2 protein chains.
Amino acid sequence: MANEMLDHAVRTLRDSGVRMTPQRHAILEYLTAEHTHPTADDIYRALEHRFPNMSVATVYNNLRVFREKGIVEEMNYGDASSRFDFVTTRHYHMICEECGKIVDFNYPVLDDVEAVAAHLTGFKVNRHRLEVYGTCPDCQKNVQ
Amino acid sequence: MANEMLDHAVRTLRDSGVRMTPQRHAILEYLTAEHTHPTADDIYRALEHRFPNMSVATVYNNLRVFREKGIVEEMNYGDASSRFDFVTTRHYHMICEECGKIVDFNYPVLDDVEAVAAHLTGFKVNRHRLEVYGTCPDCQKNVQ
DNA sequence: TAGACTATTTATAAAGATTACAATTTGAGA
DNA sequence: TCTCAAATTGTAATCTTTATAAATAGTCTA
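Nothing here was measured: the structure is a model prediction, and the numbers come from that model. In every chain, residue numbers begin from 1 and rise along the written sequence. Lettering of chains starts at A and numbering of ligands starts at 1, both following the order in which they are written. Totals for whole chains, interfaces and linings use every residue, but because this is a predicted model, local features are given only for residues with pLDDT of at least 70 and side-chain atom pairs only at 80 or more, for both listing and counting. Hydrogens and water molecules were not included; the side-chain quantities draw on all heavy atoms of the structure.

**Regarding the domain arrangement of chain A**
A common way to express how large an interface is: the accessible area buried when the components associate.
Residue and element names in this part refer to chain A.
Right, so step 1: Each assigned domain of chain A is listed with its residue range as follows: domain 1 (1-88) and domain 2 (89-144).
Right, so step 2: With centres defined by C-alpha atoms, the gap from domain 1 to domain 2 works out at 22 Å.
Right, so step 3: We call two residues contacting when some pair of their heavy atoms lies within 4.5 Å. Listed per partner, the contact involves nine residues of domain 1 and twelve residues of domain 2.
Right, so step 4: Defined in terms of a 1.4 Å probe, buried area is the accessible area two parts forfeit on being brought together, summed over both. When domain 1 packs against domain 2, close to 940 Å² is buried across both sides, 48% of that on carbon and sulfur atoms.
Right, so step 5: Think of a salt bridge as a Lys or Arg side-chain nitrogen and an Asp or Glu carboxyl oxygen that are within 4 Å of each other. Connecting domain 1 to domain 2 are zero salt bridges. Residue ranges for the domains originate in an automatic or database domain assignment.

**Some points on helix α2 (residues 22-33) of chain A**
Right, so step 1: Numbering of helices and strands runs from the N terminus; a helix is a DSSP stretch of H or I covering at least four residues, while a strand is a stretch of E covering at least two. The length a helix should cover is 1.5 Å for every residue beyond the first. Compared with an ideal rise of 1.5 Å per residue, which puts twelve residues at 16 Å, α2(A) spans 16 Å between its outermost C-alpha atoms and is within 8% of the ideal.
Right, so step 2: Within the sequence span of α2(A), burial applies to A:Arg24, A:Ala26, A:Ile27, A:Leu28, A:Tyr30, A:Leu31 and A:Thr32. Burial classification: accessible surface area is computed with a 1.4 Å probe over protein chains only, and a residue below 20% of its type maximum counts as buried, one above 50% as exposed, and the rest as partly exposed.

**Some points on the relation of the copies chain B and chain A**
Right, so step 1: All copies are superposed by least squares; the fitting set is the C-alpha atoms of residues with a pLDDT of at least 70 in both. Rotating chain B by 179 degrees and translating it 0.0 Å along the rotation axis places it on chain A, where the RMSD comes to 0.2 Å. Taken together, the rotation and translation describe the operation of a two-fold axis. Of every C-alpha in chain B, the one belonging to B:Leu130 sits nearest the axis of rotation, 2.2 Å from it.
Right, so step 2: Most of the interface of chain B is mirrored in chain A: 100% of its interface residues are interface residues there too.

**Topic: the interface of chain B and chain A**
Right, so step 1: Of the residues lining the interface, 37 residues belong to chain B; the matching set on chain A comes to 38 residues.
Right, so step 2: Buried surface at the junction of chain B and chain A, summed over both partners, amounts to about 3,300 Å²; 61% is from carbon and sulfur atoms.
Right, so step 3: Between chain B and chain A we count two salt bridges in total.
Right, so step 4: The salt bridge involving A:Glu97 is made with B:Arg127; its shortest N-O contact spans 2.7 Å.
Right, so step 5: N or O atoms within 3.5 Å of each other form a polar contact, as long as, within protein, one can give a hydrogen and the other can take it, and as long as residues adjacent in sequence are counted only when both atoms are side-chain atoms. Here chain B is connected to chain A by 16 residue pairs in polar contact (both at pLDDT 80 or more).
Right, so step 6: Those elements that provide at least two residues to the side of chain B that touches chain A are β1 (72-76), β3 (92-96), β4 (102-105), α5 (111-121), β5 (124-135) and α6 (137-143) of chain B.
Right, so step 7: The element best represented in the side of chain B that touches chain A is β5(B), accounting for twelve residues.
Right, so step 8: Of the residues contributing to the side of chain B that touches chain A, the split by class is 18 nonpolar, ten polar and nine charged.
Right, so step 9: The pairing of strand β5 (residues 124-135) of chain A with β5(B) spans eleven bridges and is antiparallel. The partner of A:Leu130 across the bridge, within β5(B), is B:Leu130. Polar here means any residue other than Ala, Val, Leu, Ile, Met, Phe, Trp, Tyr, Cys and Pro, which are nonpolar, and Asp, Glu, Lys and Arg, which are charged; Gly is therefore polar. For two strands to be treated as a pair, DSSP must find no fewer than two bridges joining them.

**Section: α5(B)**
Residue and element names in this part refer to chain B.
Right, so step 1: Taken as a whole, α5 has its buried residues at Val-113, Glu-114, Ala-117 and Thr-121. An end-on view of α5 places all buried positions within 100 degrees of arc, on one side of the element. Exposed and oriented more than 90 degrees from the buried face of α5 are Asp-111 and His-119.
Right, so step 2: The first or second residue beyond α5 is Gly-122, which carries a positive phi of 80 degrees. Of all possible arcs, the one meant is that of the directions from the helix axis to the C-beta atoms.

**Side note on the sheet that holds β3(B)**
Right, so step 1: The six strands are arranged β4(A)-β3(A)-β5(A)-β5(B)-β3(B)-β4(B) in an open sheet whose pairing can be described as mixed. On the outer flanks of this sheet lie β4 (102-105) of chain A together with β4 of chain B, each paired with one strand and no other. In this sheet, adjacent strand axes meet at a mean angle of 30 degrees when their direction is disregarded.
Right, so step 2: Examined bridge by bridge, strand β3 (residues 92-96) of chain A and β4(A) share four bridges and lie antiparallel to one another. Bridge pairing in β4(A) links A:His93 to A:Asp104.
Right, so step 3: Packing against the sheet, helix α5 (residues 111-121) of chain A makes contact with β5 of chain A together with β3, β4 and β5 of chain B, and its axis sits at approximately 110 degrees to β4(B). To get an axis, a line is fitted to the C-alpha atoms, and for a helix only the part in contact is used. The angle between two axes follows their N-to-C directions and goes from 0 to 180 degrees.

What follows is the structure, given as structure tokens:
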């Protein structure tokens, strides 16, 4: 499963002329293996023991490339760092306002919103973003 | 209209023990008068001629207070600065990916999404955020 | 397989947004 | 008016992300 996703991503990148480097491959591996919506720094720290000379800029460069190719989705949560999510099936995010945890949930794609928005504003619509904010089960316990 | 919104905001703040200062009032005035989704820096620059000694920190401090009281909504668009929107009626945002322009549009509130998300994840839901991204009419012209 | 070309990485500096902090000032109730 | 906590100011610091130039390394072609 994780391997299929990885292979597919590698193929997509190669097909559009992006070279495969060990660092790039490792970042993809990490993104397909983890479902933790990591920040750039999370990724950097997870890989620095395998690539002691790797630069933070490399992580950012690659995440930008992946985003441009539709391999990952970038999310800005508040003023903290961006988080990156490997794009698989269409899903939305539930975000805990206490601890920042992000959980995926499935919901039918909101095509209608896009159509209405396009009609009302005259914009050409590319995509949309929906996030639900609340308190996760763990933090609900801690409050009590 | 703008005055009613302003008065209401001032009352809400006073009622929860927030003091009214000239700077604070001016920021509220600006937010209710403009519908441009300004950044903290926009607000700072718009008011510095009236308050030559005002600090940027004051703008940030107040925007945080307003956000905590539900008076304004903070939006992060990419890696640029946050933008702030005076909360009036429930609406969503259409954002141009070329020039960053933000336009409001109305759509029935997505209560169902919140209910489904709560059920699937076990979170206690507070709110949600929906943004549609695309190209505004002006930028569509420029591309051609 | 070697050579060449260009993409990528690295290392570092720089930019930009936001926050922290301590001293000063000020709003509002008694 | 007095008092005290809240707010403001000015500045430094933090943190994320990008820019840049030199070095390195993929991949294509012969």
